[in-house]
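Breakdown of the fold
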Amino acid sequence: MTTITFIIMRRNPFGMDICCRKGSRSPLQELYNPTQLELSNTAILHQIRRDQVTDTCHANSVSSRKRRVLTPNDLKHLVVDEDHEMIYCYVPKVACTNWKRVMMVLTGRGKYSDPMEIPANEAHVSSNLKTLNQYSIPEINHRLKNYMKFLFVREPFERLVSAYRNKFTQKYNTSFHKRYGTKIVRRQRKNATQEALRKGDDVKFEEFVAYLIDPHTQKEEPFNEHWQTVYSLCHPCHIHYDLIGKYETLEEDSNYILQLAGVGSYLKFPTYAKSTRTTDEMTTEFFQNISSEHQTQLYEVYKLDFLMFNYSVPSYLKLE
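Definitions and limits used
Residues numbered from 1 in each chain as written. Predicted model: local features only at pLDDT ≥ 70, side-chain atom pairs only at ≥ 80, totals over all residues. Heavy atoms only, no water. Helix = DSSP H or I, 4+ residues; strand = E, 2+ residues; numbered from the N terminus. Buried < 20%, exposed > 50% of the residue type's maximum accessible area, 1.4 Å probe, protein only. Salt bridge = Lys/Arg side-chain N within 4 Å of Asp/Glu carboxyl O. 1 Å grid on protein atoms, 1.4 Å probe; cavity = no way out; pocket = protein on both sides within 12 Å on 5 of 7 lines; lining within 4 Å. Points joined across faces, edges and corners; volume = space filled by probe spheres on them. Nonpolar A, V, L, I, M, F, W, Y, C, P; charged D, E, K, R; others polar. Axes fitted to C-alpha atoms, helices over the stretch in contact; angles between N-to-C directions. Parallel < 35°, antiparallel > 145°, perpendicular 65-115°, else oblique. Contact = heavy atoms within 4.5 Å. Disulfide = S-S within 2.5 Å. Pairing = 2+ DSSP bridges.

**Things to note about unusual backbone geometry**
Backbone geometry places Glu85, a non-glycine residue, at a positive phi of 55 degrees. On the secondary structure map, Glu85 appears in the loop between strand 1 (78–81) and strand 2 (86–89). Relative accessible area serves as the criterion here: at 10%, Glu85 is assigned to the buried category. With a phi close to 75 degrees, Lys93 is a non-glycine residue in the positive phi region.

Have a look at this one:
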């Protein structure tokens, strides 16, 4: 198996000669050496977020003791924009449909101008965007060193409830019911009916949580991307992200990235708010019926995401 050796640099990357796009500054240069005052204030906030990730990686020895070399297969979530020299690691349930739409506009060379004109299902067609695992090892290393890398994160349990609501409570998601629902019912429900075992379309949140903390689940196969940790999807202890956007400040963080890319004057991040969006209140409600033992075990699964992205332990948790 081919492996990639990554050099993680924390120093300002502008001692080196970075090739610029058509004579203009790259997003990476604009981020670390901003020419506009309003950009420099925001740059400080993002430095704090970067430091939080680095400190968490060191504190948890992820960067040394548990270090493993990434393989191209680990890079399936990193979408590459050659024209603007950017790499976006998409995390499902953190506005990734809209960010994929934006990336299609950025990489489409005029094919699209309005992200919201792109149907959601079109945004998830893998051939519409190029991911980093499709490049050779030298090309991967060059891009990781010279392109601006960013991702978006969300409060881990709110993201988890959002994934549950979307995949297990919507009747149209039959592929998820068949693939995961039937397995969850079989393992977690005593005296399940034949229909429930066949359809898997009525998984309770408590059963979903029990499935996630079951050691057998993790041994069997990696989590589905909709509930996999950001730590495992984007490898922030192995790849140095220049920018960490947050779902809570989605609009300003997204438009800051578009400004750095030099497209902010004509491309804005889509702002419509879904009325069905999972909120903190909703998440609190879902956790009411989870035992403190299961809450504690689930927190352990997502602990690195909480620490790394500076989310405090939710007040509704009854940890043991």
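**Topic: the pattern of salt bridges**
Scanning the model with the defined rule gives 16 salt bridges in all. As a salt-bridge pair, Arg179 and Glu221 come within 2.8 Å of each other at their nearest N and O atoms. Of the two residues, Arg179 sits in helix 7 (residues 174–188) while Glu221 sits in the loop between helix 10 (215–220) and helix 11 (230–234), which places them 42 residues apart along the sequence. Glu221 sits in the buried class, given a relative accessible area of 17%. Salt-bridge contacts for Glu221 lead to Lys183; the nearest nitrogen and oxygen are separated by 3.0 Å. Of this pair, Glu221 sits in the loop between helix 10 and helix 11 while Lys183 sits in helix 7, and the two are 38 residues apart along the sequence. Here the residues in one salt-bridge network are Arg179, Lys183, Arg187, Glu220 and Glu221, joined through shared partners.

**Details of empty space enclosed by the protein**
The method is simple in principle: a probe with the dimensions of a water molecule rolls over the atoms, and the space it marks as empty is what remains. Scanning the entire structure with this criterion turns up one cavity of 30 Å³ or more. Roughly 30 Å³ of volume is contained in the largest cavity. Around the largest cavity sit Val153, Arg154, Pro156, Arg159, Val230, Asp305 and Phe309, which together line it. Of the residues assigned to the lining of the largest cavity, the class counts are four nonpolar, no polar and three charged.

**Overview of the packing of helix 7 against helix 9 (residues 205–213)**
At their nearest, the axes of helix 7 and helix 9 sit 10 Å apart, and the two run at 85 degrees to each other. With respect to each other, helix 7 and helix 9 are oriented roughly perpendicular. From helix 7, Tyr180, Lys183, Ile184, Arg187 and Gln188 reach across to helix 9, where they touch Glu207, Phe208, Ala210 and Tyr211.

**Thoughts on the state of the cysteines**
If you walk through the whole model with that rule in mind, you get two disulfides. The disulfide that involves Cys57 links it to Cys237, with 2.0 Å between the sulfurs. Its S-S torsion of approximately -90 degrees makes the covalent link between Cys57 and Cys237 left-handed. In this pair, Cys57 is assigned in helix 2 (residues 37–59) and Cys237 in the loop between helix 11 and strand 5 (243–246), connecting sequence segments 180 residues apart. Of the two residues examined, Cys57 and Cys237, each falls in the buried class. The disulfide that involves Cys89 links it to Cys234, with 2.0 Å between the sulfurs. Handedness here is read from the sign of the S-S torsion; for Cys89 and Cys234, about -90 degrees, the answer is left-handed. Pair noted here: Cys89 is in strand 2 and Cys234 is in helix 11, with a separation of 145 residues, a long-range link. Here the two residues Cys89 and Cys234 agree in accessibility, since each one is buried. Free of any disulfide, Cys96 has its nearest neighbouring cysteine sulfur in Cys89, separated by 10 Å.

**Considering the sheet that holds strand 2**
In space, the five strands of this open sheet follow the order 3-1-2-4-5, with mixed pairing throughout. Of all strands in the sheet, those bounded by a partner on one side alone are strand 3 (130–131) and strand 5. Bridge analysis of strand 1 against strand 3 gives two bridges, and the strand direction is antiparallel. Opposite Val80, over in strand 3, you have Lys130 as the bridge partner. Packed onto the sheet, helix 3 (residues 96–107) meets strand 1, strand 2 and strand 4 (148–153) and runs at close to 25 degrees relative to strand 1.

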